[in-house]
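# Remarks on the overall topology
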There are 2 protein chains.
Amino acid sequence: MPQSWQDLAADKRARLAQTIPDEWKIRTLPTDDNVLDFPQKSGILTEAELQITESSAAELVSSLASGQLTSVEVTTAFCKRAAIAQQLTNCLLEFFPDAALTQARELDAYYAKHKKPIGPLHGLPISLKDQLRVKGYETSMGYVSWLNQHDEHDSVMTALLRQAGAVFYVKTSVPQTLMVCETVNNIVGRTVNPRNRNWSCGGSSGGEGAIVGIRGGVIGVGTDIGGSIRVPAAFNFLYGLRPSHGRLPYAKMRNSMEGQETVHSVVGPIAHSVQDLRLFTTAVLSQEPWKHDSKVIPLPWRPSESDAITSKIKSTGLNLAYYTFDGNVHPHPPITRGIETTVSALQKAGHAVTPWTPYRHDFGHALISNIYAADGSADVTRDISASGEPAIPNIKDLLNPDMKAITMNELWDTHLQKWTYQMEYLAKWREFEESSGRELDAIIAPITATAAVRHDQFRYYGYASVINLLDFTSVVVPVTFADRAVDKVDAGFVPVGQLDQLVQDEYDPEAYHGAPVAVQVIGRRLSEERTLAIAEEVGRVLGNVVAS
Amino acid sequence: MPQSWQDLAADKRARLAQTIPDEWKIRTLPTDDNVLDFPQKSGILTEAELQITESSAAELVSSLASGQLTSVEVTTAFCKRAAIAQQLTNCLLEFFPDAALTQARELDAYYAKHKKPIGPLHGLPISLKDQLRVKGYETSMGYVSWLNQHDEHDSVMTALLRQAGAVFYVKTSVPQTLMVCETVNNIVGRTVNPRNRNWSCGGSSGGEGAIVGIRGGVIGVGTDIGGSIRVPAAFNFLYGLRPSHGRLPYAKMRNSMEGQETVHSVVGPIAHSVQDLRLFTTAVLSQEPWKHDSKVIPLPWRPSESDAITSKIKSTGLNLAYYTFDGNVHPHPPITRGIETTVSALQKAGHAVTPWTPYRHDFGHALISNIYAADGSADVTRDISASGEPAIPNIKDLLNPDMKAITMNELWDTHLQKWTYQMEYLAKWREFEESSGRELDAIIAPITATAAVRHDQFRYYGYASVINLLDFTSVVVPVTFADRAVDKVDAGFVPVGQLDQLVQDEYDPEAYHGAPVAVQVIGRRLSEERTLAIAEEVGRVLGNVVAS
């Protein structure tokens, strides 16, 4: 008799719990909402290990490359802190410290023999969202029906990171279906935000947000088809890069709705600084991913593109645009203040920042939402029902049984609508440039309507998804924290629609007090070098280059 | 009462005939099969005009930029020769010499005022396939039902060429549906090959092949989803570039099956030399097409990529592979000899050229053929039947009424199969490099199974289409001519299948005597700079850099 989904999930939880050695177990679990500082107080990490886990990835690869640190030391430190992160936030689906340490020992042996690092990420642990396959481990992606299948091959990204010297130790949790900006599934339950466990860690790369947020990882790899890298970055006061499609290798990952190519999910890093996002991106590009994944454009890292921004910053200043409201759903007061804070800091630093009129974001959001549901959710429904598990509450609208798959000709029509919309947006970009007489470098905008959201209250992903539809490069920059003293409820609020009212009604200055607030920096398609450089400048003027 | 399709087509032919001024009309039409030299003998062009039309585009833009030639002179010369081309080969759907001369006069006035060219193509006439829209003219694309609609906007390619200084004077004929490698429609009938009017000019950019072949144009713009640039180039002893998708702007052209994005049609030039293909490509890229068409990758011309090949040619020599048979349909003897001639000339020049094993081209050809017919041909059937015109004989298989559209989920599955196949092909490319210990620069292969084909005998497009499926960059290089004295029927021929037998049965050394033979040079995806440089070297070692 086949096992029930409950048994399969319980078995997985038991197997996962056993991967944490006794000496890494927290004796008395804290009851605080905020557990961000717990690792320092836990007594599990040595001083040296705390220092390692609080370093930047750039510092770590430099120390590893010079022999000042061994990969075993660094890997041990992050495995311990990841174990703590797991016990506090429930962020993992796989944990394999033994294999990680074996990899680390091999890299240390390589270094001892060759007196040089094997690649640009030599010895550095990298955490992976549970969509990336690692040979020998499970990729359940939060579906009970996908448990107990062990991958026989790495994803291309995994293989290239491995080739660059990265060490793998965790695969992090995701929401069932991935189509939600919170992280809940029927296998391990809910992943929470280490800054306040009443808040979501974001999603779908929510496990990455939580583990990197609490420094159980220094660089996390996420994916994004409608905010899934950027929302967890925003909710955990981190930087996140959504590259344009074709820049980084997505091949051989696991996914729902495979073959859906109207809007591509993309893969990218989450980290504590632009410097570390850049380290990751340059390291992957140095492995020539286009020779392994046919969708990757043969576009090595272009230092000249980065330099163009640096040089503008030093001379004329940047030419930026911004918006606070997309026309569909008003952000909560802390988010509006986040945009204003950013704009004013940029202006003070000598950059031009003028308003952008969001072009038909209602149309864009509706179009991409239809694309997400193009198959009438047949694919995700199949993978959910295969085990008998129920759908998580967040996706009940997605799984409306009345929904029909569109036909192939309707899909073709959608392709045309998308292309037309993208070109109309480019025309707006050109118009802005014509009127300001110079190149528009980026647009500053909200990434979510709320600061790190309260559980089960993520209702509107349009700030993120329209950027996916446009395939623009976007980098999330942490800005500030919600503050009950200044971010008052807007008594005179006038909604533009029902959803707008609902979202605004859920703003509670007390409940959100202290929640991370971020902006996204939106550049043209395939402008990763420039947009990262601009995001770095935004962080600099905000004074939060090293967020802690 | 609506006009019959016959009346509409006759009206179009009458309107087209009226565009040719009396003084450009051929008094006594030749009866020869080969009319390539007729323009010299026609008495319609002056000596100076003959010289202009027999110059390269590079020479012409240089003379226009220095003021040695005016655009009116150059445009007049090409208009006259295009008029002759039309009367001999039936290559046009639109001819507008008056508008062209108006454009030329404006460009000459600009030059007189500013003492410099307006752009890199200042004053140069460019011929356009009748898919590119030119404001004010019809784009019937060979469908009777699309006649009498005048475009209100340029295609993006047209607009950028215009911005670069190009002059427009013709739109050239295409086969009904575009899905055929010959050029026949119910509006103007058949376009023929100027080298022998019993041979096809190729298709679907067949009008371009004919007009550039007889030098009624110096650079023609075609499109290619399964050989439609490369086959006309091959059949007219020309060079043709099929860039990878996303390199040049396709936006706002007219097309069948719009929104079909599983395999993209691409736009590219046909010309007499690599130098002229490069002139066109650099001119378009200099207009930053990615700011106008969201599908274009922001990838300016990369001289360093071209230089990398030049430098290899001077030092180690190139590392090339080749195949003569794709496993599906054997080429006719002249094509096999064309490959052997090319390989041997390259080896003699010091390049490594070793065999390539075509990887599952049977699968690749079947997959892309299914993509072409994904909608059960509903789209083209609608556009044909809208006027009551019949389907041309060449597409009767395409319009099989039993054919069904595939579902969206089948389409998604096709996407996955394509991606997997592309990556398997990349793995073969890497294996080749591992075994030869160096980078593989390009693959030399047939582009068709036949030399310039006899009418209604184009049966197999797999040599072209698999390269579209892989999205590799490909440049056609003219090699030689079929020769009844050496290209004997293979008496011991053993077919691998029915189509192979049929194609080979149609080889007739007499009928093909003198027909152009070409090869394609296949580079990695988005390797236009390198692949053009390699094609130039192939042309150089063959001694045909300037084909005439």
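Just so it is clear, the structure is predicted and the values come from calculations on it, not from any experiment.

### Details of the overall build of chain A
A tally of regular secondary structure across chain A gives 19 helices and 15 strands. A globule of 548 residues ought to have a C-alpha radius of gyration of about 24 Å, and chain A, at 22 Å, matches this closely. Its C-alpha atoms put chain A at 60 × 60 × 50 Å along the principal axes. Look at the contacts in chain A between residues 6 or more apart in sequence, and 81% of them connect residues 24 or more apart. Of the accessible surface of chain A, which amounts to about 18,800 Å², a share of 51% is contributed by carbon and sulfur atoms.

### Remarks on the UniProt feature "domain: Amidase" (unreviewed entry) in chain A
Here, UniProt's "domain: Amidase" (unreviewed entry) annotation points to residues 73-532 of chain A. Structurally, residues 73-532 of chain A is divided into 37% helix and 15% strand, and its ends, taken at the C-alpha atoms, are 30 Å apart.

### Comments concerning the UniProt feature "active site" (unreviewed entry) in chain A
All names here are of chain A. Per the UniProt record, "active site" (unreviewed entry) is found at Lys129, Ser204 and Ser228. Their sequence span is 100 residues, while the largest C-alpha to C-alpha distance among them is just 10.7 Å; these annotated residues converge on one region. Tracing the chain through its elements places Lys129 in strand S2 (residues 125-129). Among residues more than four places away in sequence, those in contact with Lys129 are Thr172, Val174, Leu178, Ser204, Ser205, Glu208, Val221, Gly222, Thr223 and Ser228. Take Ser204: it is sitting in the loop between strand S7 (196-200) and helix H8 (206-213). Judged by its relative accessible area of 1%, Ser204 falls in the buried class. Excluding residues that lie within four positions of it along the chain, Ser204 makes contacts with Lys129, Ser173, Val174, Pro175, Leu178, Val180, Cys181, Thr183, Thr223 and Ser228. Within the structure, Ser204 has its side chain in polar contact with the side chain of Lys129 (distance 2.6 Å).

### Structural notes on the relation of the copies chain B and chain A
Least-squares fitting of chain B to chain A yields an RMSD of 0.0 Å, with the superposition described by an axial translation of 0.0 Å and a rotation of 180 degrees. On this basis, the relationship between the two copies can be described by a two-fold rotation axis. Relative to the rotation axis, the C-alpha of Met408 of chain B is the closest in chain B, positioned 2.3 Å from it. Interface overlap between copies is the fraction of interface residues in one copy that are interface residues in the other; for chain B against chain A it reaches 100%, indicating a shared surface.

### Comments concerning helix H5 (residues 71-89) of chain A
Residue and element names in this part refer to chain A. The end-to-end C-alpha separation of H5 is 26 Å, in line with the 27 Å expected for 19 residues at 1.5 Å each. Of all the 19 residues making up H5, 16 are buried; the element is thus mostly covered by neighbouring parts of the structure. Where H5 terminates, the next one or two residues include Asn90, which has phi positive at roughly 60 degrees.

### Things to note about the sheet that holds strand S2 (residues 125-129) of chain B
Residue and element names in this part refer to chain B. Here we have eleven strands laid out as an open sheet, ordered S1-S3-S2-S8-S10-S9-S14-S15-S13-S11-S12, and mixed in their pairing. Sheet topology places strand S1 (92-95) and strand S12 (352-355) at the edges, where each strand pairs with a single neighbour. Averaged over all pairs of adjacent strands, the angle between strand axes in this sheet comes to 25 degrees, irrespective of strand direction. Across three bridges, the pairing between S1 and strand S3 (residues 167-172) is antiparallel. By the bridge assignment for S3, Phe95 is matched with Val170. On top of the sheet, helix H15 (residues 408-436) reaches strand S11 (319-322), S12, strand S13 (442-445) and strand S15 (516-523); it is set at about 125 degrees to S11, its chief contact.

### So, the confidence of the model for chain A
Fine structural detail should not be taken from predicted coordinates in areas where pLDDT scores are low. On average, residues of chain A carry a pLDDT of 96, and 99% of them reach 70 or more. Interface confidence for the predicted complex, expressed as ipTM, amounts to 0.96; the pTM equals 0.97.

### Remarks on the packing of H5 of chain A against helix H6 (residues 97-114) of chain A
All names here are of chain A. Two numbers describe how H5 lies on H6: the axes approach to 8 Å, and their chain directions differ by 160 degrees. For the element pair H5 / H6, the angle class is roughly antiparallel. Remark: the crossing between H5 and H6 carries right-handed chirality. For the pair formed by H5 and H6, the contact residues are Ser71, Val72, Thr75, Thr76 and Cys79 on the first element and Pro97, Ala100, Leu101, Ala104, Arg105, Leu107 and Asp108 on the second. In the contact of H5 with H6, the residues fall into seven nonpolar, three polar and two charged.

### Describing the interface of chain B and chain A
The interface is formed by 38 residues belonging to chain B together with 38 residues belonging to chain A. Across the chain B/chain A interface, buried area totals approximately 3,700 Å², and carbon plus sulfur atoms make up 63% of it. There are zero salt bridges connecting chain B and chain A. If you look at where chain B meets chain A, you find 14 residue pairs in polar contact (both at pLDDT 80 or more).

### Structural notes on unusual backbone geometry
Omega for the peptide link from Gly203 of chain A to Ser204 of chain A comes to 0 degrees, which places this bond in the cis form. Despite not being glycine, Leu178 of chain A shows a phi value in the positive range, around 70 degrees. Following the sequence through the fold, Leu178 of chain A ends up in the loop between strand S3 (167-172) and strand S4 (184-185). With phi around 50 degrees, Arg360 of chain B is a residue other than glycine that occupies positive phi space. For Arg360 of chain B, the location among the structural elements is in the loop between S12 and helix H13 (361-372).

### So, the pairing of strand S13 (residues 442-445) of chain A
Residue and element names in this part refer to chain A. Residues Ala442 and Ile444 of S13 are buried on one face, and the alternating residues Ile443 and Ala445, pointing to the opposite face, are buried as well. Judged from the three bridges that link them, strand S11 (residues 319-322) and S13 form a sheet pairing that is parallel. Opposite Ala321, over in S13, you have Ile443 as the bridge partner.

### Re the pattern of salt bridges
Residues and elements named next belong to chain A. Considering all chains together, one arrives at 68 salt bridges over all chains under this definition. Residue Asp11 is joined to Arg15 by a salt bridge in which the shortest nitrogen-to-oxygen separation is 3.0 Å. Of this pair, Asp11 and Arg15 are both found in helix H1 (residues 5-18), four residues apart, which corresponds to roughly one turn of the helix. Its relative accessible area of 26% is what places Arg15 among the partly exposed residues. Lys25 is the salt-bridge partner of Asp22, the closest N and O atoms lying 3.4 Å from each other. One salt-bridge network, held together by shared partners, links Asp11, Lys12, Arg15, Glu94 and Glu138.

### Here we look at the sheet that holds S13 of chain A
All names here are of chain A. Pairing is mixed in the open sheet, where eleven strands are placed in the order S1-S3-S2-S8-S10-S9-S14-S15-S13-S11-S12. The two strands at the open ends of the sheet, each matched to only one other strand, are strand S1 (92-95) and strand S12 (352-355). Across the sheet, the axes of successive neighbouring strands diverge by a mean angle of 25 degrees, strand direction being ignored.

### Let's talk about the side chain of Thr223 of chain A
Residue and element names in this part refer to chain A. For Thr223, the position within the fold is in strand S8 (residues 219-224). The class for Thr223 is buried, based on a relative accessible area of 2%. There is a polar contact of 2.6 Å between the side chain of Thr223 and the side chain of Gln131. In contact with Thr223, other than residues within four places in its own chain, are Lys129, Gln131, Ser204, Ser205, Ser228, Ile229, Tyr250, Met253, Ser265, Val266 and Val267.

### As for the environment of Asp487 of chain B
Residue and element names in this part refer to chain B. Here Asp487 lies in the loop between strand S14 (473-481) and helix H17 (498-505). Spatially, the C-alpha atoms of Asp487 and Thr420 are 39 Å apart, while their sequence positions differ by 67 residues. The contacts of Asp487, once residues within four sequence positions are left out, are Pro333, Pro334, Arg337, Phe481, Ala482, Tyr507 and Pro509. A distance of 2.5 Å separates the side chain of Asp487 from the side chain of Arg337, its partner in a polar contact.

### A word on the environment of Thr531 of chain B
Residues and elements named next belong to chain B. Residue position: Thr531 is located in helix H19 (residues 528-542). The contact partners of Thr531, leaving out residues within four places of it in the chain, are Thr473, Val475, Val521, Ile522 and Gly523. At 2.7 Å, the side chain of Thr531 forms a polar contact with the side chain of Ser527.

### Structural notes on the packing of helix H11 (residues 303-314) of chain A against helix H19 (residues 528-542) of chain A
All names here are of chain A. Direction vectors running N to C along H11 and H19 enclose 35 degrees, while the axes themselves pass 7 Å from each other. Judged by the sense of rotation from one axis to the other, the crossing of H11 with H19 is right-handed. Facing H11, whose interface residues are Glu305, Ser306, Ala308, Ile309, Lys312 and Ile313, H19 presents Glu529, Arg530, Ala533, Ile534 and Glu537. Residue classes in the contact of H11 with H19 are distributed as five nonpolar, one polar and five charged.

Scoring rules and cut-offs
Residues numbered from 1 in each chain as written. Chains lettered and ligands numbered in written order. Predicted model: local features only at pLDDT ≥ 70, side-chain atom pairs only at ≥ 80, totals over all residues. Heavy atoms only, no water. Helix = DSSP H or I, 4+ residues; strand = E, 2+ residues; numbered from the N terminus. Rg over C-alpha atoms; globule rule 2.2 N^0.38 Å. Contact = heavy atoms within 4.5 Å. Areas by Shrake-Rupley, 256 points an atom, 1.4 Å probe, with all protein chains shown as cover. UniProt positions renumbered as here; feature names shortened; annotations may be inferred. Buried < 20%, exposed > 50% of the residue type's maximum accessible area, 1.4 Å probe, protein only. Polar contact = N/O pair within 3.5 Å; in protein donor to acceptor, adjacent residues only side chain to side chain. Least-squares fit on C-alpha atoms with pLDDT ≥ 70 in both. Expected span 1.5 Å × (residues − 1). Pairing = 2+ DSSP bridges. Axes fitted to C-alpha atoms, helices over the stretch in contact; angles between N-to-C directions. pLDDT = per-residue confidence, 0-100. Parallel < 35°, antiparallel > 145°, perpendicular 65-115°, else oblique. Left-handed = near helix turned anticlockwise from the far one by under 90°. Nonpolar A, V, L, I, M, F, W, Y, C, P; charged D, E, K, R; others polar. Buried area = accessible area lost by both parts, 1.4 Å probe. Salt bridge = Lys/Arg side-chain N within 4 Å of Asp/Glu carboxyl O.

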